[in-house]
Amino acid sequence: MFWIKPVRLLLLLCSGELVWAQLKYSTPEEGKVGSVVGNVAKDLGLDVGALASRGFRIVSGAQDALFAVDQNNGLLSVHRRLDRERLCDSNAVCLLDLKIVVENPLEIHYVSVEVTDANDHAPSFTEKGKLIEIAENTLSGARFQLPGARDPDIGINSIQRYKLSQNNHFQLEIRDRDDDKIPFLVLQKQLDREEKINHTLILSAIDGGIPAKSANLNVTIRVLDINDNRPIFSKEGYSVQLQENAPLGTSVIKVQATDLDEGANGEVEYEFGGDMSAKIVNLFSLDKKQGEIRVKGPIDFETNEVFKLDVQASDKGQPPMTTDCRVIIKIGDVNDNKPHIEVTSIASTVPEDAKPGTVIALISVTDVDSGQNGKVICGLTGNVPLELKPSFKENMYSLVTKDALDREKISTYDISITATDCGEPPLSTFQTLNIQVKDVNDNIPEFPQNPFHFYLTENNEAGASVFSLSAFDKDLGDNAAISYYIVRQGGHSDITSFLNINSENGQISALKSFDFETLKSFHFQVVATDGGSPPLSSNVTVKVFILDQNDNTPIILHPLSSNGSAEGLEEIPRNLKSGDLVTKVRAYDADIGYNGWLLFSFGQVTDHSLFTLDRYTGQIRTLRSLTEKDEAEHRLLVVVKDNGNVSLSATATVTVKLVEPKEAFAASDVKSSAKLDPEEDSMTFYLMITLGSVSLLFVISIIVLIAMQCSKSTEYTSKYLQEANYDGTLCHSIQYRSGEKRYMLVGPRMSIGSTIVPGSQANTLVLPDRRHTGEPKMPNSDWRYSASLRAGGVMQSSVHMEESAVMQGAQGVLVQNWPTVSSAADAEGGEVSPPMGAGVDSNSWHFRYGPGGPGAPPQHLKPGEVPPEAFIIPGSPAIISIRQNQGGEDDKSDFITFGKKEEAKKKKKKKKDKKDKKDKNKDDDE
């Protein structure tokens, strides 16, 4: 049989959806094991089919072994034998608290089971018999206390009445003292010792159970001779306060009784009442003579709060007379018990993206002390993103998240839970709870730098690994497993089609060998993706710079190559002096930097004392004046080497013939005329007339120009002017004049007072002259200029200047200053070739000449027109060599020669024409 009183309280804690409920059942003690106490699932409204999956169970409590819940039907049943007296001692109400938890979502329910009493114990007396001595002169109405029976049952099942066997002298009287019934024997008829010395009575104690149970005590009344005064206590009852844990031997109280009789009849002795339990006798002692009660055993408030002692005082009369009193000892609580923490963990790990308020564990705190000593304050130590939230029931808490969690910062929390009571002094207890933060894919892969710069030497091995990159992810496990892939644009020109990346380690290999001369740099993107769900990714730009290797052999431009060898023939007159230019070997290298910086040297030479070779320019000059003794033909083998770690070289053979001065001028004409056929004589005649006319006009122009120059003031006839003031930022400046204008080559910063020529990119300054004329004069006759031009091609050029000058590329190209390598020793002038790959963009050099005052419009050329005049700097002895269309073959027709050397050739040609004309006239006359 059971009764149920459901009390339901629902409490929603934050976002943890924690549900509380309380039920109350009743079941009798000594019930059959397996008997049903109540249907918890039904009373709570739970789905019976989901109980097993939701973890329906009893989670705590000292009585969890006494009861069991069935996950199949939700029934609460008795698991073990219930003994109310053992569980609750003499408490009027025996309540057992159970805690039942249902997970997913979390619900906690409190079930109180009251164990009702059953009449399973019979009354019992501590003594088998009781002897009472009564004087014969005892008056009627005298009362004598009888030992009381004890029954562990409570309520109706406890002792309800006492019964005395039939007799003529005594009757039974029952007195209620607190919750106890004390039997007294009342004398109704005076005794007569001479009539009967001993009277035997039977005292029966009967409980109220059905059926009733009873116990009997044999009471023997011995009639004594008179002792007409009994001891009298100073108080009818004594009450005293005693603190628990009092030391052994502590005096509790001293009772005192007096007897008006004299002698032995007035001597009083004290003893505990006959119905005292053995438990009390073991805790307290009574001095028989003094009546002092002392502590004999450990006193624990949590076991008994009150002790009730019956003390009897007896004199030594014959028969002795006795009296009794009750001593109530109230135990005072001492804060001698630490709080107890009970943790019911819901989850050992918490995801780092858990929302604030997520329930992690249930905390139950108990303290067996009472009052303030049993009041507990619970909290967390340390700065943690968790907090304790109290529940509706005292000393019950839920551990919930307070702030957002981040596993990458803190992956585990050792939560120290502190429980402190309010006693004096307070007692505390600690319990540590380890909480693991579960990783969530909330971090993208990160590259240590963006962009990546890699340098790759050309001619790499195809298929081999060239470089690698890696990213890192702060997450764990699959969330940190990174895979890589290259973002491909598609199309045949996509450089990434020749790259392959290892998706696991980011190792990048090239499927082809790169050539610096074809491709100097490229970039692409790599994406790193982690293995989380959903995956996160990031990308990085990879910039690859191809480094040059010395893999190109120098190519000889002059002399021209034929049949796989570079050979040339130079005829020079024997009247050359020391330092005169014989010829120049020209070469270039497709590499850059030191790999493309060419050095010239003699491999073989017939006469070391006759010729010298400039190491940097390739110019072959005479070391001394030529004599008649020198051989007519010299073979020079010139070796051209680059400056790579492993130097590459090419050779050119120059054959130098020494001829008489007249033969030197006429050699080419003789060769050409020897080849003419008789049929071409007429055409040659007209050509000679034309050339003579042009030569005559040229000579007249030169004479006029010289006359104009001589007519000017000597203040302005200087070929080179004094250097203008500058602010120290120019390495060197060159001033020159052409006609009535003065010019100066400057560096990247202008001199004070100078003017920029429009279109000159700040390289040519016009200095104001005192005289102003509309048109510039012709360039000085000492100019020498050679260039190779091909309209529409890509121009590669080298600039050779006698003085150190400043060369400026197109807008945005770095200005380069090249030092003077050699100076002109004669009318030929000096030449300088800056090393290729030194940072000069040769395709963007440009020059301007002529009147260029402020505001003068720049020259405009039609597409494809590149006039030679656009490359002449008036007043300068520099020689400018320009070669275009780098990939084309070298051809003498690509070169146009200007300057003194060319004019000398023209003069020789004119002289030859004149000579031929004279010879022809003579032949005609003849």
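Residues numbered from 1 in each chain as written. Predicted model: local features only at pLDDT ≥ 70, side-chain atom pairs only at ≥ 80, totals over all residues. Heavy atoms only, no water.

> Residue-level account of the overall build of the chain, with values.
A tally of regular secondary structure across the chain gives six helices and 58 strands. Buried positions account for 43% of the 926 residues belonging to the chain. When contacts within the chain are restricted to residue pairs at least 6 apart in sequence, those whose partners lie at least 24 apart make up 67%. As displayed, the chain has an accessible area near 48200 Å², and 51% of this comes from carbon and sulfur atoms. (Helix = DSSP H or I, 4+ residues; strand = E, 2+ residues; numbered from the N terminus. Buried < 20%, exposed > 50% of the residue type's maximum accessible area, 1.4 Å probe, protein only. Contact = heavy atoms within 4.5 Å. Areas by Shrake-Rupley, 256 points an atom, 1.4 Å probe, with all protein chains shown as cover.)

> Run through the state of the cysteines, naming residues and quoting values.
Think of a disulfide as a covalent bridge from one cysteine sulfur atom to another cysteine sulfur atom. Within this structure, the stated rule accounts for one disulfide. The residue that forms a disulfide with Cys88 is Cys94, at a sulfur-sulfur distance of 1.7 Å. The sign of the S-S torsion, about 60 degrees, decides the handedness of the disulfide formed by Cys88 and Cys94: right-handed. When its relative accessible area of 1% is taken as the criterion, Cys94 is described as buried. (Disulfide = S-S within 2.5 Å.)

> Tell me about the sheet that holds strand 21 (residues 292-295), and please be specific about residues and values.
Read across the sheet, three strands follow the order 17-21-20 without closing on themselves; strand pairing throughout is antiparallel. In this open sheet, the two strands that pair with only one neighbour each are strand 17 (251-254) and strand 20 (284-286). The mean inter-strand angle of the sheet, taken between neighbouring strand axes irrespective of direction, is 20 degrees. As judged from the three bridges shared by strand 20 and strand 21, these two strands associate in the antiparallel manner. Directly across from Leu286, in strand 21, lies its bridge partner Ile293. (Pairing = 2+ DSSP bridges. Axes fitted to C-alpha atoms, helices over the stretch in contact; angles between N-to-C directions.)

> Describe in detail the sheet that holds strand 24 (residues 340-345), supporting the description with residues and values.
Within the open sheet, the four strands sit side by side as 24-26-29-28. Their pairing is antiparallel. Looking at strand neighbours, the two that pair on one side only are strand 24 and strand 28 (386-390), the edges of this open sheet. Across the sheet, the axes of successive neighbouring strands diverge by a mean angle of 25 degrees, strand direction being ignored.

> Tell me about the environment of Ala135, residues and numbers included.
Mapping Ala135 onto the fold places it in strand 8 (residues 129-135). Spatially, the C-alpha atoms of Ala135 and Gly317 are 9.7 Å apart, while their sequence positions differ by 182 residues.

> If you had to explain the pattern of salt bridges to someone new, which residues and values would you point to?
Scanning the entire structure with this criterion turns up 20 salt bridges. Put simply, Arg84 and Asp117 hold a salt bridge, and the shortest N to O gap is 3.1 Å. Here Asp117 lies in the loop between strand 7 (107-116) and strand 8 and Arg84 lies in helix 2 (residues 84-88), a separation of 33 residues in the sequence. Residue Arg84 is classed as buried on the basis of its relative accessible area, which comes to 1%. By relative accessible area, which is 17% here, Asp117 ends up buried. (Salt bridge = Lys/Arg side-chain N within 4 Å of Asp/Glu carboxyl O.)

> Provide a residue-level description of the packing of aromatic side chains, including the pertinent values.
Applying the stated rule across the entire model yields ten aromatic pairs. Relative to Tyr270, the ring of Phe233 lies with its centre 6.3 Å away and its plane at 45 degrees, an arrangement referred to as tilted. Of this pair, Phe233 sits in strand 15 (residues 232-233) while Tyr270 sits in strand 19 (residues 268-272); the two residues are 37 residues apart in sequence, bridging distant segments of the chain. Using a relative accessible area of 7% as the deciding quantity, one classes Tyr270 as buried. Three or more aromatic residues joined by ring pairs make a cluster, and in this case those are Phe447, Phe452, Phe454 and Phe467. The ring of Phe184 carries Arg143 above its face, with NZ or CZ at 5.6 Å from the centroid. Sitting above the plane of the Phe498 ring, Lys512 keeps its charged end 4.4 Å from the centroid. (Phe/Tyr/Trp six-rings, centres within 6.5 Å; stacked < 30°, edge-to-face > 60°. Lys NZ or Arg CZ within 6 Å of the ring centre and 35° of its normal.)

> Tell me about the environment of Asp228, and please be specific about residues and values.
With respect to the secondary-structure elements, Asp228 resides in the loop between strand 14 (214-224) and strand 15. Sequence separation between Asp228 and Gln318 is 90 residues; the distance between their C-alpha atoms is 9.7 Å. Aside from chain neighbours lying at most four places away, what touches Asp228 is Asn137, Asp261 and Met321.

> Account for the nonpolar core, naming residues and giving values.
One broad trend across soluble globular proteins is that nonpolar side chains are buried collectively. Among the nonpolar cores identified, the biggest contains 29 residues, and Phe284, Leu309, Val311 and Ile329 are the most heavily contacted of them. At the level of secondary structure, the elements contributing two or more residues to this core comprise strand 16 (237-243), strand 17, strand 19, helix 3 (278-283), strand 20, strand 21, strand 22 (306-315) and strand 23 (322-332). Setting aside anything within four residues of it in sequence, one finds Leu309 in contact with Phe272, Met276, Ile280, Phe284, Ile293, Cys325, Arg326, Val327 and Ile329. (Core = buried A, V, L, I, M, F, W, Y, C linked by side-chain atoms within 4.5 Å.)

> Got a sec to walk through the pairing of strand 48 (residues 649-659)? Specific residues and values, please.
Sheet faces and side chains relate simply in a regular strand, where the side chains alternate between the two faces. Counted residue by residue, strand 48 has eight buried out of eleven residues, so it is predominantly covered. With eight bridges connecting them, strand 41 (residues 565-573) and strand 48 associate as parallel partners. Note that in strand 48 the partner of Leu569 across the bridge is Thr655. The sheet contact formed by strand 47 (residues 633-641) and strand 48 spans nine bridges and is antiparallel. Paired with Val638 across the bridge in strand 48 is Ala652.

> Help me get a handle on a nonpolar patch on the surface, residues and values and all.
A surface patch of nonpolar side chains, about 390 Å² in accessible area, is lined by Leu696, Leu697, Ile700 and Val704. Structurally, Leu697 can be placed in helix 5 (residues 681-711). (Patch = residues over 30% accessible without salt bridge, like charges linked within 9 Å, V, L, I, M, F, W, Y side chains within 5 Å.)

> Hey, could you go over unusual backbone geometry for me, with residue numbers and the actual values?
In the segment running from Glu424 into Pro425, the intervening peptide bond is cis, with an omega of 0 degrees. Its place among the elements puts Pro425 in the loop between strand 30 (412-421) and strand 31 (428-438). For the bond from His558 to Pro559, the omega torsion is 5 degrees, close enough to zero to count as cis. Among the secondary structure elements, Pro559 is positioned in the loop between strand 39 (555-558) and strand 40 (561-562). We note that Glu30 has phi near 60 degrees; this positive angle belongs to a residue other than glycine. Summarising the element assignment, Glu30 is placed in the loop between strand 1 (19-28) and strand 2 (36-39).

> Let's hear about the side chain of Asn119: which residues, and what values?
For Asn119, the location among the structural elements is in the loop between strand 7 and strand 8. Asn119 gets classed as buried once you look at its relative accessible area, which sits at 16%. Of the polar contacts made by the side chain of Asn119, one reaches the backbone oxygen of Pro211; its length is 3.3 Å. For Asn119, the contacting residues outside a window of four places in its chain are Asp153, Asn157, Asp207, Gly209, Ile210, Pro211 and Lys213. (Polar contact = N/O pair within 3.5 Å; in protein donor to acceptor, adjacent residues only side chain to side chain.)

> Please give an account of the confidence of the model for the chain that cites residues and values.
For the chain, mean pLDDT is 75; residues scoring 70 or higher make up 71% of the total. Every residue in residues 1-17 scores below 50 in pLDDT, and together they form 53 contacts with partners more than four places removed in sequence or on other chains. This stretch, residues 670-680, has a pLDDT under 50; its non-local contacts, to residues over four places away or in other chains, come to four contacts. (pLDDT = per-residue confidence, 0-100.)

> Before we move on, could you go through the side chain of His199 and cite the residues and values that matter?
Looking at the element boundaries, His199 is found in strand 13 (residues 198-207). According to the relative accessible area criterion, His199 is buried, its value standing at 8%. Sequence-distant contacts of His199, that is, excluding residues within four places in its chain, are made with His169, Leu191, Val219, Thr220, Ile221 and Val223.

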